Every structure is written in structure tokens, then in C-alpha cells.
Amino acid sequence: MEFNGALDRQPLRKAEINQCRAAIAGCLVDARNADNHRENRLVLAYTAILKCSLLALRARNLRMKPSSGHHRLAMESLHHTLGVPVEDVDYLCDLAQMRNDDMYESTPASDSDISEAIDFAARLSDTLDAWLREKGLLVP
């Protein structure tokens, strides 16, 4: 996997797996909470997806360097790490744009867009957990 110098090789610390998985789970709980503001629910789903992307990279001893566009690159890496289909990666790129529009352009996402993002984040989290188990990095 080559991302034009956007990644550093760095050994995974076992504690990172549980810390990141806990953060993903927390994002999902809060994203599903209808009492939270709808804009926050979208950001939480997006954050859960981003954290899944980053943890999949960490499980391969890679760390994303902070730079312009690093969120998009992290999500694109899901095709190479977890085997996420290209169509789903395209959806994630659209979701990133939706999040940006919601945050910076005051163009709100629809309720169905938010629900779809939350559902995708939950499925991706499950896929990540199965992949980590398969790699022996997650004890059931």
C-alpha cells in the first residue's frame, strides 16, 4: 500500500487496539442517541469510521501522518486493509464531503443520511473486529 509518504511505519502497541475500539464504541453509542443534536450524530458516525480506518492501519504497523486530506486517505486505505469495496470507499468520500458541508457550509445532512452513516459505521466496526480476530489481535 503506497500513499505518497502519508504513512509512517510504527510498531503497534497492544493497548492501542482496546483504546481505539473503546473510542469507536463510544462514538457509536453517542451517534445512536437520538437525544444528541443531529449534526453531532453525523460527526460521531464519521469519527467512528475514521477511527476504524486508522486502527486498521495501526494493525498493519502503519500510522497516518497528519496532513491535508489525511482523513480521505485513511478511508481510502480501507480497501487495502479490510477489503472494503471501492463503491463503499466512494460512499465514505461522499460522507466526508457531507460532513464538511454540514460543518462549514451550513448545509445540513438529511435524517436518512445520518442514519445511513451510523449504520455504515456500525457495520464497519463489526468488520474491523472480525478482521482483528482473524489476525489474532483481538481475543474474543
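Small disclaimer: the values here were computed from a predicted structure and weren't measured.

Participant: Which parts of the structure should I look at to understand the overall build of the protein?
Facilitator: Secondary structure summary: the protein contains six helices and two strands in total. Starting at the N terminus and walking to the C terminus, you meet the elements of the protein as β-α-α-β-α-α-α-α. C-alpha atoms of the protein, sized along the principal axes, occupy 40 × 35 × 25 Å. The buried share of the protein, reckoned over its 140 residues, is 42%. If you take every contact in the protein between residues at least 6 apart in sequence, the share linking residues at least 24 apart comes to 73%. Roughly 7,700 Å² of accessible area belongs to the protein as shown, and the carbon and sulfur atoms make up 47% of that amount.

Participant: Looking at this model, I keep getting lost on the packing of helix α1 (residues 14-32) against helix α6 (residues 111-134). Mind explaining?
Facilitator: At their nearest, the axes of α1 and α6 sit 10 Å apart, and the two run at 160° to each other. Taken together, the axis directions place α1 and α6 in an arrangement best described as roughly antiparallel. Every pair of crossing elements has a handedness; the one defined by α1 and α6 is left-handed. Residues Ile17, Arg21, Ile24, Leu28, Ala31 and Arg32 of α1 pack against Ile118, Ala121, Ala122, Ser125, Leu128, Asp129 and Leu132 of α6.

What counts as what
- Residues numbered from 1 in each chain as written.
- Predicted model: local features only at pLDDT ≥ 70, side-chain atom pairs only at ≥ 80, totals over all residues.
- Heavy atoms only, no water.
- Helix = DSSP H or I, 4+ residues; strand = E, 2+ residues; numbered from the N terminus.
- Buried < 20%, exposed > 50% of the residue type's maximum accessible area, 1.4 Å probe, protein only.
- Contact = heavy atoms within 4.5 Å.
- Areas by Shrake-Rupley, 256 points an atom, 1.4 Å probe, with all protein chains shown as cover.
- Axes fitted to C-alpha atoms, helices over the stretch in contact; angles between N-to-C directions.
- Parallel < 35°, antiparallel > 145°, perpendicular 65-115°, else oblique.
- Left-handed = near helix turned anticlockwise from the far one by under 90°.

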